[in-house]
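# Descriptive structure summary
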Amino acid sequence: MEKLPLGLVIDLNKVVPYKTGSWRTLMPVNIMQIPPCTHACPAGNDIRGFLRVLAEKEDYEQAWHVLARNNPLPATCGRVCPHPCEAGCNRRDFDSSVAINCSERRVGDYGLEHNLEHKKLVSGRKEKIAVVGSGPAGLSCAFHLAKRGFKVKIFEANGEPGGWMRYGIPPYRLPNYILKQEIDNILRLGIDLECNVKVGVNIPLDQLTREYNAVFLGVGAQKGLGIDVPGKDAENVYTGVDFLKQVNSGKWMEIGKDVVVIGGGNTAMDCARVTKRLGANVSVVYRRTRMEMPAITAEIDEAMEERIMFRYHTNPVKLVTDEGRVVGILSVQMELKEPDASGRARPVPISGSEAFIPADTVIMATGQAVDYDGIDVQTVDNQWMYTNEHLMTSMEGVFAGGDAVAGLETVSLAIGQGTRAASAIEDYIEGHVESSLAQPPVVYSRDLNTYYYNKQKKFNKEAVSIHTRLKNFREIYPSFDLKDIIEESKRCFSCGLCFHCGNCYMYCPDSAVKISPSTGGYEFDLDFCKGCGLCAKECPCHYIQLTLEK
Amino acid sequence: MEQSAEELNKIEKKDLFTSGHRACGGCGQALAARLVADASGENTIACVATGCLEVFSSPYPDPSWRIPFLHSLFENAAAVASGVEAAYKALNKGPVNIIAQGGDGSTADIGFQCISGMFERGHNVLYVCYDNEAYMNTGVQRSSFTPLGARTSTTPMGNKTRKKNMPLLAADHGIPYVATATVDDFRDLQRKVKTALSIEGPKYIHILAPCPLGWGHHGELSVQICRLAKDTGIFPIYEIIHGKVSNVRKIPVKVPVEEYLKLQGRFKHLFKKGQPTPEVAEIQEIANQNIERFNL
């Protein structure tokens with residue numbers, strides 16, 4: 001006789017589990033969001049993307065490709081960008097921001113060291129596009145158009161490409177060989193470059209609009225403005241723009257012993273630090289105080305380290321000349337009153353405070369303007385170019401971007417505008433309407449669960465000693481160690497994107513988070529999920545959120 | 001069974017306690033039961049006392065357990081586990097991990113003498129207590145683990161007595177291993193289960209398992225409340241190995257008990273118009289005593 005088991009026996013392999021998912025009123029979803037660093041970046045770099053590749057795979061090559069997908073000049077931006085991304089970084093509320101700028105520079109340098117090349121998305125479109133100016137806006141626009149297969153030709157007025165990055169930024173901030181390599185890499189996408197052609201003078205703009213399907217104007221603001229004081233026409237008075245252009249072209253300037261730089265912007269800082277390296281005693285004369293200076297804070301700090309004298313509240317009233325040469329400036333002390341239209345305190349002279357500052361050379365870095373020679377487009381307040389929301393100027397098929405549109409701004413902003421203009425040009429040629437889909441939301445630190453992150457010190461770049469760096473024009477920050485940057489990338493919170501911490505997987509009381517066999521990531525088993533929200537609450541990076549049940 | 005530190009610290013997820021159980025959303029006990037089952041592995045027999053865990057995990061015909069499971073009465077999970085252990089010994093089978101599990105009522109009140117007997121007789125059994133600080137299964141009645149000030153259905157004005165200190169009572173039996181843990185630190189919890197199973201003799205692990213229904217908080221806060229219980233000093237985390245307190249978890253940043261109490265509905269009456277009543281100071285005093293006693 002068959003022996004029967006005592007009582008009921010359940011075959012666990014045939015058990016149909018009770019689907020508790022029907023209890024749910026809220027359901028978890030994965031929502032990829034924009035991290036605040038990318039949100040703050042004017043060029044829209046995929047910062048989280050390249051930092052995660054570095055942190056997880058320690059693969060510099062892939063990181064470079066992620067970064068260079070948006071920004072063709074990472075090594076340049078890693079040197080000169082005032083990094084608003086780091087100001088946006090959520091980690092600032094925890095300990096200190098991730099050293100994004102240094103990481104970008106190292107990844108950019110790695111790309112140059114290993115001759116990594118940009119990849120074309122499509123090839124062989126027949127439309128031709130002219131890009132006027134090879135600054136960051138022009139290069140970025142040309143890069144994105146060439147990647148999309150358009151035939152692009154860049155017209156450059158100067159002898160070498162790079163625009164203000166080449167002729168404005170001194171080599172101790174951005175060495176020429178770095179810039180040249182990055183530009184050559186962009187041109188390798190099949191972009192034609194013609195130097196020493198000034199559109200509007202050597203070749204009329206009409207001819208370009210006739211011969212090309214679209215034109216992008218990235219002419220920058222390369223006309224220096226001085227202040228209107230007696231003696232400004234003396235021969236040893238320069239505008240900041242002219243001075244930097246000549247020095248960076250390799251011309252030897254006879255500047256004498258004492259140099260006075262007037263102004264408080266980035267050009268003024270560059271002029272002051274260049275003349276200091278040429279061996280002069282430099283003083284910067286500014287009407288307001290350091291608080292109101294428009295220059296990048298790090299630039300001012302470095303200038304101060306380099307023993308450059310700052311005279312605040314000082315306004316030149318007259319350049320004292322002797323036989324057509326300036327011998328000094330007559331200045332007056334100012335006091336600050338209620339803010340003016342620009343929001344900065346309005347300086348008012350104090351009577352009887354005149355003083356004489358001796359000078360062998362005076363550099364006036366007090367503003368820059370667009371050179372409209374032969375370019376007849378509508379302007380805003382007679383200053384910057386007018387563009388509509390698609391970056392098109394008043395001329396049909398002529399787009400513009402960079403400093404000429406935005407005013408005096410950063411390299412990264414110009415890159416961002418070039419990127420946008422490239423999309424706008426593609427839409428214009430294809431006859432599409434520009435996509436205006438809503439962007440995903442931005443993650444802020446209040447959304448994060450920072451319990452799961454560890455406090456860690458920020459990577460600090462170290463400058464060469466002041467004594468050494470004032471002797472030459474070599475870069476003041478030497479190259480960073482690859483390992484240090486990998487360590488730094490591990491500090492990234494990965495705001496708004498899963499970094500496989502496994503919290504949801506381990507904490508789900510219903511085991512309703514599974515590892516996906518296809519992607520290896522985590523996925524929800526909605527048959528069993530009760531919608532308690534524990535996973536969303538304990539997700540460090542706010543990638544999991546609760547929504548109403550569908 | 002000596003295990004390397006690497007093995008002890010490994011996180012286990014084998015789903016030996018699977019989905020489909022009837023626990024409330026965000027149940028701390030369901031989470032703890034899975035972590036314990038996964039840490040102990042397939043070669044395990046679970047003897048579970050009556051209570052929430054048994055009710056929600058074992059309805060016919062689809063139990064959640066993928067290891068042998070033995071349901072007993074409210075009071076005798078420890079006695080049944082002792083019997084299983086004795087049977088294995090008599091049949092000369094094994095070794096097998098035997099885990100007796102129960103809630104706080106079956107551990108501290110109803111089943112206390114069975115547990116005490118098991119400890120005293122020296123059975124090779126691990127007893128795991130899921131502490132949710134009241135009789136949740138029958139409708140949130142007060143147990144001897146209910147903390148001072150907590151409202152239950154039998155203490156509507158708040159409990160007037162202090163919580164029984166079960167881990168120290170267990171340790172005073174002279175058993176080789178006692179530990180406390182919470183569900184928020186799963187690595188620590190699983191390490192303690194594995195450590196306990198590697199030791200011969202009776203062992204006791206006390207796990208704080210929040211009950212969203214009885215404690216009056218949203219299910220998503222279960223882990224956060226555990227974290228606050230540790231960081232306020234209300235629930236100290238330690239091990240007692242052969243009578244010696246060790247591996248005490250130090251509090252990184254001390255948090256006032258208000259943070260812990262405010263999240264839970266059962267302590268709502270301790271705050272009048274947002275202002276704490278004198279009982280909060282008493283609870284803070286308990287936390288301070290814990291901090292001093294275990295040098296948290």
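Residues numbered from 1 in each chain as written. Chains lettered and ligands numbered in written order. Predicted model: local features only at pLDDT ≥ 70, side-chain atom pairs only at ≥ 80, totals over all residues. Heavy atoms only, no water.

## Some words on the overall build of chain A
Note the cut-off: Put simply, DSSP H or I for four residues or longer makes a helix, DSSP E for two residues or longer makes a strand, and each gets a number counted from the N terminus. Burial here depends on accessible area, computed with a 1.4 Å probe over protein chains only, as a share of the maximum for the residue type. Under 20% is buried, over 50% is exposed, and the range in between is partly exposed. Using the Shrake-Rupley algorithm and a 1.4 Å probe, accessible areas are obtained, with residue cover drawn only from the displayed protein chains.
A tally of regular secondary structure across chain A gives 19 helices and 22 strands. Projected onto the principal axes, the alpha-carbon positions of chain A cover approximately 130 × 55 × 45 Å. Among the 550 residues that make up chain A, the fraction classed as buried is 53%. Within the structure as shown, chain A displays about 25100 Å² of accessible surface, and the carbon and sulfur contribution to it stands at 50%.

## Description of the overall build of chain B
For clarity, the threshold we go by: With the radius of gyration taken over C-alpha atoms, the globule rule is written as 2.2 Å times the number of residues to the power 0.38. Contacts between residues were defined by any pair of non-hydrogen atoms, one from each residue, lying within 4.5 Å. Charged residues are defined here as Lys and Arg on the positive side and Asp and Glu on the negative side; His and the ends of the chain fall outside this count. Charge positions come from single atoms, namely NZ of Lys, CZ of Arg, CG of Asp or CD of Glu.
Across its full length, chain B carries 12 helices and 10 strands. Taken over C-alpha atoms, the radius of gyration comes to 18 Å for chain B, in line with the 19 Å a tight globule of 296 residues would show. Projected onto its principal axes, the C-alpha positions of chain B cover 65 × 40 × 35 Å. Within chain B, the proportion of its 296 residues that are buried is 59%. Look at the contacts in chain B between residues 6 or more apart in sequence, and 69% of them connect residues 24 or more apart. Working note: accessible area of chain B is about 11700 Å², and carbon and sulfur atoms make up 55% of it. Between the centroid of the 32 positive side chains of chain B and the centroid of its 30 negative side chains there is a distance of 3 Å.

## What to know about the interface of chain A and chain B
Selection criterion: Each of two parts loses accessible area, computed with a 1.4 Å probe, when they are put together; buried area is these two losses added. A pair is scored as a salt bridge if a Lys or Arg side-chain nitrogen falls within 4 Å of a carboxyl oxygen belonging to Asp or Glu. Any pair of nitrogen or oxygen atoms within 3.5 Å is treated as a polar contact; in protein, a donor-acceptor pairing is required on top of that, and neighbouring residues in sequence qualify only through side-chain atoms on both sides.
If you look at the interface, chain A gives 30 residues, while chain B gives 38 residues. The junction of chain A with chain B conceals about 2700 Å² of combined surface from both sides, 59% of it contributed by carbon and sulfur atoms. Its largest share of buried area at the contact with chain B, chain A owes to Met506(A), Tyr507(A) and Pro509(A), together 24% of the area lost on that side. Note that Glu538(A) and Arg227(B) form a salt bridge whose closest N and O atoms lie 2.7 Å from each other. Counting across the interface, chain A meets chain B through 15 residue pairs in polar contact (both at pLDDT 80 or more). Among the elements of the structure, helix H18 (503–507), strand S20 (513–515) and helix H19 (534–538) of chain A are those that each provide at least two residues to the side of chain A that touches chain B. Top contributing element to the side of chain A that touches chain B by residue count: H18(A), with 4 residues.

## Quick word on the pattern of salt bridges
For the structure on display, the rule yields 55 salt bridges over all chains. Between Arg491(A) and Asp95(A) there is a salt bridge, and its shortest N-O distance comes to 3.3 Å. You can see Arg491(A) sitting in the loop between helix H17 (482–489) and H18 and its partner Asp95(A) sitting in the loop between helix H5 (84–88) and helix H6 (100–113), a full 396 residues away along the chain. Take Arg491(A): its relative accessible area is 0%, and that puts it in the buried class. Assessed through its relative accessible area of 25%, Asp95(A) is described here as partly exposed. For Asp184(B), the salt bridge is made with Arg227(B), and the minimal N-O distance between the two is 3.9 Å. Here Asp184(B), found in the loop between strand S5 (177–182) and helix H8 (186–197), pairs with Arg227(B), found in helix H10 (residues 222–232); they are 43 residues apart in sequence, far enough to count as distant. Take Asp184(B) and Arg227(B): they sit in the same class, and that class is buried.

## Side note on the packing of aromatic side chains
Residues and elements named next belong to chain A. Applicable threshold: Pairing of aromatic rings covers Phe, Tyr and Trp, the last counted by its six-membered ring, and requires centre-to-centre distances within 6.5 Å; plane angles under 30 degrees mean stacked, over 60 mean edge-to-face, and any other angle means tilted.
This model, assessed by the stated rule, comprises 21 aromatic pairs over all chains. Arranged with centres 5.5 Å apart and planes meeting at 65 degrees, the rings of phenylalanine 94 and phenylalanine 493 form a pair that is edge-to-face. With phenylalanine 94 in the loop between H5 and H6 and phenylalanine 493 in the loop between H17 and H18, this residue pair connects regions lying 399 residues apart in the sequence. A relative accessible area of 3% means that phenylalanine 493 is categorised as buried. Seen in terms of ring centroids, phenylalanine 155 and tyrosine 212 are 6.2 Å apart; in terms of plane orientation they differ by 90 degrees. Their pairing is edge-to-face. Of this pair, phenylalanine 155 sits in strand S3 (residues 151–155) while tyrosine 212 is found in the loop between helix H10 (205–211) and strand S5 (214–217), placing the two residues 57 residues apart along the sequence.

## Describing a nonpolar patch on the surface
Convention followed: Patches in this entry comprise residues that are over 30% relatively accessible and not in a salt bridge; like charges within 9 Å are linked, as are nonpolar side chains (Val, Leu, Ile, Met, Phe, Trp, Tyr) within 5 Å.
A contiguous nonpolar surface patch, about 410 Å² in accessible area, is contributed by Leu8(A), Ile10(A), Leu12(A) and Tyr60(B). Locating Tyr60(B) in the fold gives a position in the loop between helix H3 (52–57) and strand S2 (69–71). The class of Tyr60(B) is exposed, set by a relative accessible area of 54%.

## Concerning the pairing of strand S1 (residues 44–48) of chain B
Residues and elements named next belong to chain B. We apply this condition: For two strands to be treated as a pair, DSSP must find no fewer than two bridges joining them. The crossover handedness rule: strands pointing away from the viewer, path from first strand over the helix to second strand clockwise, crossover right-handed.
In terms of burial, S1 is a largely internal element, 5 of the 5 residues being buried. Pairing geometry for S1 and strand S3 (residues 97–103), over 5 bridges, is parallel. From the neighbouring strand, threonine 44 faces S3, where its bridge partner is asparagine 97. As paired strands, S1 and S2 are joined by 3 bridges and run parallel to one another. Note that in S2 the partner of cysteine 47 across the bridge is leucine 70. In this view, the connection linking S1 to its parallel neighbour S2 by way of H3 has right-handed handedness.

## What about the environment of Cys195(A)?
Residue and element names in this part refer to chain A. Inspection of the secondary structure assignment puts cysteine 195 in the loop between strand S4 (192–194) and H10. Overall, the relative accessible area of 23% leaves cysteine 195 in the partly exposed class. Separated by 34 residues in the primary sequence, cysteine 195 and proline 161 place their C-alpha atoms 7.2 Å from one another.

## Re the domain arrangement of chain A
Condition: Where a domain begins and ends is set by an automatic assignment or by a domain database.
Split by domain assignment, chain A resolves into domain 1 (12–32 + 498–548), domain 2 (37–116 + 466–489), domain 3 (128–165 + 177–221 + 370–430) and domain 4 (227–365). Measuring from the centre of the C-alpha atoms in domain 1 of chain A to the corresponding centre in domain 3 of chain A gives 49 Å.

## Quick look at the sheet that holds strand S6 (residues 203–208) of chain B
Residues and elements named next belong to chain B. Put simply, the test is: Helix axes are fitted to C-alpha atoms over the stretch in contact, other axes to C-alpha atoms as well, and angles between N-to-C directions run from 0 to 180 degrees.
The strand order across the open sheet formed by 8 strands is S2-S1-S3-S4-S6-S5-S7-S8, and the pairing between neighbours is mixed. Since the sheet does not close on itself, it has two edges, and those belong to S2 and strand S8 (244–246), each with one partner. Averaged over all adjacent pairs, the angle separating strand axes in this sheet is 20 degrees, with direction ignored. Where S5 and strand S7 (residues 239–241) come together, 3 bridges link them in antiparallel fashion. Along S7, the bridge assignment pairs alanine 179 with glutamate 239. Set on the sheet, H8 makes contact with S3, strand S4 (126–131), S5, S6 and S7; between it and S5 the angle comes to about 160 degrees.

## Notes on the side chain of Arg173(A)
All names here are of chain A. Tracing the chain through its elements places arginine 173 in the loop between helix H8 (164–167) and helix H9 (176–187). Arginine 173 sits in the buried class, given a relative accessible area of 11%. Here the side chain of arginine 173 touches glutamate 299 through a polar contact of 3.1 Å, side chain to side chain. Those residues within four positions of arginine 173 in sequence are excluded, and the remaining contacts are Arg79, Val80, Asp270, Ile296, Glu299 and Glu475.

## Examining helix H2 (residues 28–40) of chain B
Side chains that are three or four residues apart share a direction in an α-helix, a result of its 3.6 residues per turn. For clarity, the cut-off: Here, expected helix span is obtained from the residue count minus one, scaled by 1.5 Å.
For H2(B), built from 13 residues, the straight-helix expectation of 18 Å at 1.5 Å per residue is met to within 8% by its first-to-last C-alpha distance of 18 Å. Counting buried residues along H2(B), 13 of its 13 residues qualify, which places the element largely inside the surrounding structure.

## Structural notes on the environment of Val241(A)
All names here are of chain A. Relative to the elements of secondary structure, valine 241 occurs in helix H11 (residues 240–248). By relative accessible area, valine 241 is classed as buried at 2%. Once residues lying within four places of it in the same chain are set aside, the contact partners of valine 241 are Trp164, Gln222, Lys223, Gly224, Thr267 and Gln368.

## Overview of the sheet that holds S4(A)
Strands in a sheet are paired, the pairing made by backbone hydrogen bonds, and the direction either parallel or antiparallel. Residue and element names in this part refer to chain A. Taking strand neighbours across the sheet as the criterion, the 5 strands line up as S4-S3-S2-S5-S19 in an open arrangement whose pairing is parallel. The sheet is open, and its two edges are formed by S4 and strand S19 (398–400), each paired on a single side. Strand-to-strand twist across the sheet, computed as the mean angle between neighbouring axes with direction ignored, equals 20 degrees. Judged from the 4 bridges that link them, strand S2 (residues 128–132) and S5 form a sheet pairing that is parallel. Among the inter-strand pairings, isoleucine 129 is bridged to a residue of S5, identified as alanine 214. Across the sheet, helix H7 (residues 136–147) touches S2, S3 and S5, and the angle it forms with S3 is around 165 degrees. The strands touched by helix H15 (residues 411–430) are S2, S5 and S19; relative to S5, the strand with the most contacts, the crossing angle is about 165 degrees.

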